Structures are given as C-alpha cells and as structure tokens.
Protein chains: 2
Amino acid sequence: MTFSKPAKPFLAALAGQRQPRPPVWLMRQAGRYLPEYREIRARAASFLDFCYTPAFTVEATLQPIRRFGFDAAILFSDILVVPDALGQTVSFESGEGPRLDPITDAEGLSRLKAEPDWQKLSPVFETLDRLKTALPGDVALIGFCGAPWTVASYMIAGRGTPDQAPARLIAYRQPNLFAALIDRLVEASAEYLARQIAAGAEAVQVFDSWAGVLPPAEFERWCVKPVAALVAKVKAKAPKTPVIAFPRGAATQLAKFAGMAGVSAIGLDTAVEPAAAVAALPGDLALQGNLDPLALVAGGAALDEGIDRVLQGFGSRAHIFNLGHGILPETPVAHVERMMARVRSA
Amino acid sequence: MTFSKPAKPFLAALAGQRQPRPPVWLMRQAGRYLPEYREIRARAASFLDFCYTPAFTVEATLQPIRRFGFDAAILFSDILVVPDALGQTVSFESGEGPRLDPITDAEGLSRLKAEPDWQKLSPVFETLDRLKTALPGDVALIGFCGAPWTVASYMIAGRGTPDQAPARLIAYRQPNLFAALIDRLVEASAEYLARQIAAGAEAVQVFDSWAGVLPPAEFERWCVKPVAALVAKVKAKAPKTPVIAFPRGAATQLAKFAGMAGVSAIGLDTAVEPAAAVAALPGDLALQGNLDPLALVAGGAALDEGIDRVLQGFGSRAHIFNLGHGILPETPVAHVERMMARVRSA
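Parameters and conventions
- Residues numbered from 1 in each chain as written.
- Chains lettered and ligands numbered in written order.
- Predicted model: local features only at pLDDT ≥ 70, side-chain atom pairs only at ≥ 80, totals over all residues.
- Contact = placed C-beta atoms within 7 Å.
- Helix = DSSP H or I, 4+ residues; strand = E, 2+ residues; numbered from the N terminus.
- Pairing = 2+ DSSP bridges.
- Axes fitted to C-alpha atoms, helices over the stretch in contact; angles between N-to-C directions.
- Least-squares fit on C-alpha atoms with pLDDT ≥ 70 in both.

### Here we look at the interface of chain B and chain A
Thinking step 1. Contacts between the two partners involve 24 residues from chain B, matched on the other side by 24 residues from chain A.
Thinking step 2. Counting residues per element, the ones that place at least two in the side of chain B that touches chain A are helix H9 (165-173), helix H11 (216-237), helix H14 (293-298) and helix H15 (300-313) of chain B.
Thinking step 3. If you tally residues by element for the side of chain B that touches chain A, the top one is H9 of chain B, at five residues.

### Details of the sheet that holds strand E7 (residues 265-267) of chain A
All names here are of chain A.
Thinking step 1. Read from one edge of the open sheet, seven strands run E1-E4-E5-E6-E7-E8-E9, paired in parallel fashion. Looking at which strands have only one partner, the edges of the open sheet turn out to be strand E1 (72-74) and strand E9 (319-323). On average, each strand axis in the sheet is inclined to that of its neighbour by 25°, with strand direction left out of account.
Thinking step 2. Here strand E5 (residues 203-208) runs beside strand E6 (residues 243-247); their pairing, made up of five bridges, is parallel. Considered in E6, the bridge of Asp-208 is made with Pro-247.
Thinking step 3. Most of the contacts of helix H10 (residues 175-199) go to strand E4 (residues 140-146), to which it runs at about 165°, and overall it touches E4 and E5.

### Looking at the relation of the copies chain B and chain A
For the pair of chain copies, the relating operation is a rotation around an axis with a shift along it.
Thinking step 1. The transformation that overlays chain B on chain A combines an axial shift of 0.0 Å with a rotation of 180°, and the residual RMSD is 0.0 Å. These values place the two chain copies in the arrangement generated by a two-fold rotation axis.
Thinking step 2. A shared binding surface is used by both copies, with 100% of the interface residues of chain B retained as interface residues in chain A.

### Remarks on the sheet that holds strand E4 (residues 140-146) of chain B
Residue and element names in this part refer to chain B.
Thinking step 1. Spatially, seven strands are ordered E1-E4-E5-E6-E7-E8-E9 in an open sheet, and the strand pairing comes out parallel. On the outer flanks of this sheet lie strand E1 (72-74) and strand E9 (319-323), each paired with one strand and no other. Across this sheet, the average inter-strand angle for adjacent strands is 25°, counted without regard to direction.
Thinking step 2. Note that strand E7 (residues 265-267) and strand E8 (residues 286-291) share three bridges and pair parallel. Each residue of the ladder has a partner; that of Ile-266, found in E8, is Leu-287.
Thinking step 3. Across the sheet, H11 lies against strand E5 (203-208) and strand E6 (243-247), angled at about 165° from E5, the strand it touches most.

Here it is in structure tokens:
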C-alpha cells in the first residue's frame with residue numbers, strides 16, 4: 001500500500017488522516033526569533049500599525065514558510081485586535097507586552113461597541129486574501145482568534161499578569177457583568193473567524209492561552225462553554241472549515257474540553273503526555289503539539305530527545321507537529337532547522 | 001457510634017482517619033493579610049532578619065492560631081533559608097520577592113557549602129522548640145521546606161520568573177550540573193526536616209510550588225524522584241512523622257507523583273477537581289486543599305460555593321481543609337472568619 005500525497009498534508013491531518021510524516025507548523029512561527037522579521041518590524045511605527053498593514057503582515061506570514069517549508073502558514077496578527085476593534089484602547093509597549101484601558105465595571109463594558117469595527121479589521125481580511133495566492137500550493141492557511149476567556153482576561157487586567165487574577169476576581173464578584181463580556185466576545189469572535197474563512201483561511205485556531213488558571217467549575221463556565229458556543233457559530237457559517245482549539249493548561253480538564261468544544265483538533269501544551277492524550281481523547285480528533293519551546297532553545301540532545309518523544313507518543317494518530325506554546329524570541333534559527341530535518345526524516 | 005475527638009484532629013486526618021469536620025489550616029496563614037503581622041514585620045530590618053529571630057517567628061506563627069483557631073500552626077520561615085545556609089547570597093526586596101546571586105555554572109555550584117550552616121538555621125529550630133509549649137494542646141505544629149526542584153529553580157534564576165525558564169534551560173543543557181545541585185538539595189533538605197522534627201515539628205510539608213512548569217519526562221526526573229528521595233531520607237530518620245507534599249500544578253501527573261512520593265498526604269492546588277482526586281489517588285492518602293485563594297478574596301456567594309464544593313468533593317476521605325495556594329495579602333480577615341464558620345458548621 002502506498003500513500004498518495006495529499007495536496008495539503010496539514011488539512012488532511014485535520015480531517016483525521018494520519019500522514020506518513022506529521023505536517024509541521026509552530027505557534028508564533030512568524031516573529032522575533034527571525035532576523036528578517038525584526039528587519040521589517042523596525043519599519044512600522046507600532047506593533048498595531050504593523051498588524052494593520054498587509055504589506056507587512058503578508059511578508060511576515062510568508063517568511064517562515066520560505067525559510068523552513070512549514071506545512072501551514074498562520075496569519076500574522078494578534079488576538080487583541082478584537083478588543084481594539086470593539087473600541088477599547090489597546091497598545092503594545094516594546095518589551096512590556098500589551099496595555100489596554102482596563103474594563104472593571106458595567107460602565108466600562110457599556111463603552112464597547114456592539115460589534116467590531118469591521119473596517120478597522122479589513123487589513124486582516126486583505127492579508128488573508130493576498131496570502132491565498134502567495135502561498136505554495138501544498139501550504140495551508142490558518143486564521144485565528146483568542147478564546148473569549150483569554151481575551152476577556154486582558155480586557156479586564158489591562159495587561160498580562162502571572163495568573164490573570166483581576167479577571168478571575170471580576171468573574172467571582174460580578175458574574176453577570178463578566179458573562180456579558182464573554183457573550184460579546186463569543187459573538188464578535190465567531191463573526192471574525194467566519195470573515196477570515198470567507199477571505200481565505202482554510203482552518204482556524206482558537207487560542208485559550210490562559211485556560212490553565214481557572215479552577216474546574218470556572219474552567220467549564222468560562223472556557224469550555226464559550227469556546228463551544230464560538231465553534232458552533234463558526235460551524236453554522238462555515239461547516240466544512242476545521243477548527244483547532246488550544247486550551248493551554250487544561251490539564252485534567254482536557255478530555256471534558258475536547259468532548260464539548262466541537263473542534264477538529266486540539267492543540268496540546270507541553271504539560272500533556274502524548275500517550276495519555278492519545279488514550280484520553282476521541283479517536284477522530286487530530287492532535288497538535290507539543291514540543292517544549294525551551295527544548296528548542298536548548299538544542300542538542302535535549303532537543304532531539306524531545307522531538308523523538310513527541311513523534312513516538314503521537315505516532316498512532318492523525319498528528320500535527322507543533323510546539324506546546326509559542327516559539328521563544330531567543331530560539332536559534334539553526335535549532336528550528338535541526339528540528340525540521342529530524343521530523344522529516346522520522 | 002460516636003467519634004471520640006482526637007487530641008489533634010490534624011494529625012488524626014494525616015493518619016488517614018476521616019474527621020467529623022475537616023481540620024483546617026491555610027498555606028501562608030501567618031502573613032501580610034494580618035494587621036498584627038504587618039505590625040511586627042515592620043520592626044525587623046529585613047525579611048531574613050525576621051525569619052532568623054525567634055521572638056518574631058514564634059509570634060507570627062501564633063497570630064493566626066489566636067485569631068482563627070486553625071487546627072495546625074506552620075513554622076513561620078521561608079523555603080530560601082536553605083540556599084542562604086548553603087552560602088548563596090539571598091535577599092528579599094520589598095514588594096519584589098526574593099533575589100539570589102544566580103548559580104549558572106559548575107563554578108557557582110562549587111561555591112556552595114557541602115551542607116547547610118546549621119548554626120545559621122538554629123533560630124528555626126529554636127522557634128519550633130518554643131512553639132511546642134506555646135501552642136494550644138489540640139493544635140499541631142508543621143515544619144516545612146521547599147522541594148529540590150522549586151528551590152533549585154530560584155537558585156538558578158536568582159528570582160521568581162513566570163515559568164522558571166532559566167532552571168529548565170540549565171536542566172536541558174547541563175543535566176549533570178543540574179542533577180548535582182538537586183542532589184545537594186535532597187541531602188540538605190532531608191537533614192533540615194529531620195532537625196525540624198527533632199525540634200518539635202509533628203508533621204512536615206514539602207512545597208513544590210513550581211512543579212507545574214515541567215513537561216512529563218522532566219517532571220518525573222526533577223520533581224517526583226527528588227521528592228521521593230527526600231521523603232525516604234526523612235522517613236529513615238523519623239519514621240513516624242507524617243510528610244505532606246504539595247506538587248502545585250502536577251495536574252495529569254498527580255497520580256504518578258502520589259504513587260512514588262511515599263507521603264502521608266498530598267496538598268492539592270486549585271486546578272484539581274476534588275472528586276477526580278478522590279477517585280485517582282490511593283485511599284490511604286489524606287487529601288489537603290483546595291479552595292481558590294481568589295474566592296477567599298472575593299467573598300460572598302463565590303466564597304460560599306467554593307467552600308461547599310471543597311467540602312462535598314472530599315467528603316468521603318480523610319481531608320484537611322486548606323487553600324489551593326497561599327493566602328493572598330489582599331484577603332479580608334472577615335472572609336477568613338466567614339470561611340471558618342462555614343467549615344465548622346458543615
């Protein structure tokens with residue numbers, strides 16, 4: 001029996017078809033570890049300007065594809081363009097991360113627009129439209145958004161914090177207010193993803209980077225259910241487009257999440273043992289992950305062993321090779337090359 | 001059948017005997033949320049001076065017992081007195097957390113003493129000795145240390161970081177160097193706990209606060225095995241003294257940890273679903289935890305519901321009521337009183 005190579009191995013894996021060698025992409029694959037990214041980034045006045053300028057975002061998206069030949073390209077953007085388009089003040093301090101004018105009460109919530117300013121987001125759709133034709137024929141195009149909980153946690157804290165306590169406190173003290181914000185984000189994000197798909201995204205990923213800070217009952221209420229609602233709305237508009245969810249830190253709640261989210265694939269963080277995920281998650285779900293980004297920084301034997309554990313652990317399943325979290329800015333390019341060679345020769 | 005009230009309900013629960021209402025203590029129960037603590041803390045020149053002055057540490061340990069009537073008192077100290085006694089430079093910047101002169105190579109490791117300066121740690125033992133007679137007869141006295149991985153992660157980074165990446169990188173790149181540091185900490189910590197027990201500690205807790213940042217293979221190598229070695233050494237010297245381990249963030253690795261650590265009880269963090277822990281962990285293990293410290297800050301219905309979920313979830317087991325992480329400085333004293341009333345009337 002021979003495999004006939006699918007047109008886009010990444011999409012075939014998302015459809016549940018195990019590939020002879022796993023397709024590869026890396027979260028944050030376009031970014032600061034690449035000298036060619038730093039070069040174009042320096043030309044933009046701000047990070048948000050960069051995100052809203054298709055000449056930059058198209059180029060940034062293509063750079064890692066040219067250099068490493070990944071099987072998927074992910075739209076260069078940021079999850080916080082949604083609060084920006086909802087009218088919240090968003091900026092990025094260099095080296096400091098995002099800064100937002102925090103929403104802490106009903107009055108703050110009332111200042112948000114009912115739906116995103118789609119004109120403001122039009123550069124995102126233009127980027128996807130241009131990428132459709134710019135990408136090699138076997139490379140898939142991924143769109144994305146942040147999950148409601150994760151985006152809300154930034155909107156309330158005004159920044160990243162060690163455990164997003166400000167949002168967790170609001171959720172405890174003013175659950176109705178918090179639910180209203182989450183509902184707004186479910187609606188906005190579903191429409192945002194549907195428009196990305198209409199513009200050319202062949203798959204979309206929902207990043208719930210802060211899922212891990214919530215206790216089980218809050219995890220179900222603020223992560224699982226909103227993501228499930230968001231996915232259902234996307235599926236209603238684009239039933240054939242696969243959705244990947246990345247509930248970072250879901251840990252013991254992972255099977256519950258996978259059972260309820262309605263997605264085609266789950267992105268797994270570094271804490272997940274591959275064999276345990278294979279055993280615990282539904283067999284028709286593609287699994288994506290989960291090399292430790294620090295092993296990619298470290299290189300050498302630690303990198304090789306980490307790669308091999310991922311390849312062996314997921315070997316029996318439709319698997320997409322990725323990191324367990326975003327690639328770190330200090331990652332040597334040579335280590336990414338070494339990783340690609342090892343995955344390809346597996 | 002009636003329960004005869006044991007002399008110390010906390011120790012009875014650690015021995016696996018389910019209590020009519022769970023004994024209670026809180027991680028960091030002596031500390032900044034108490035005005036009487038802030039008052040005495042202001043009299044010491046530095047946090048380390050405070051930790052090494054029995055007049056302060058005895059009083060700080062007793063304060064929450066007087067105010068709330070907890071069932072156990074925990075030695076007031078810090079996990080970083082061990083690196084301090086090993087000769088590393090340690091200080092605490094106010095509002096900034098600990099600062100250590102980082103160990104990044106073999107030369108740095110070689111500057112550490114072979115064993116702790118026990119004279120430097122003598123105030124810790126004196127504190128325990130004085131507490132033995134100062135505590136009410138039904139209140140147990142807990143000693144503690146940091147787990148090797150957690151202490152090593154501070155010794156290498158020189159501070160707390162979001163994911164203790166510096167130590168994880170050294171562990172990947174220089175595993176022999178890292179193993180030598182871990183071994184040093186296993187030896188020092190085991191002897192330190194044995195001396196705490198000799199001085200009056202009736203139980204000891206090993207805090208592995210940073211266990212959650214390690215991928216599964218590294219978790220087994222750098223958390224589980226060193227804690228198991230540490231516990232075995234303590235047991236060899238003090239076979240009857242119960243040991244509690246708190247592997248914060250162990251998540252899907254919790255059952256493996258519990259099976260290998262050789263402890264009497266496991267402290268559970270906020271991410272653990274009580275019913276799942278009851279089902280997954282050996283029946284002779286007492287379970288300690290795991291109210292969300294932010295629910296205690298929030299108060300109101302969120303607090304009451306959180307307490308009830310903990311009480312109901314662990315109800316069938318020998319359970320010690322505690323938080324899932326340390327109490328936060330902004331916690332209102334009235335919320336702790338409300339919690340105690342609710343647990344007591346359960």
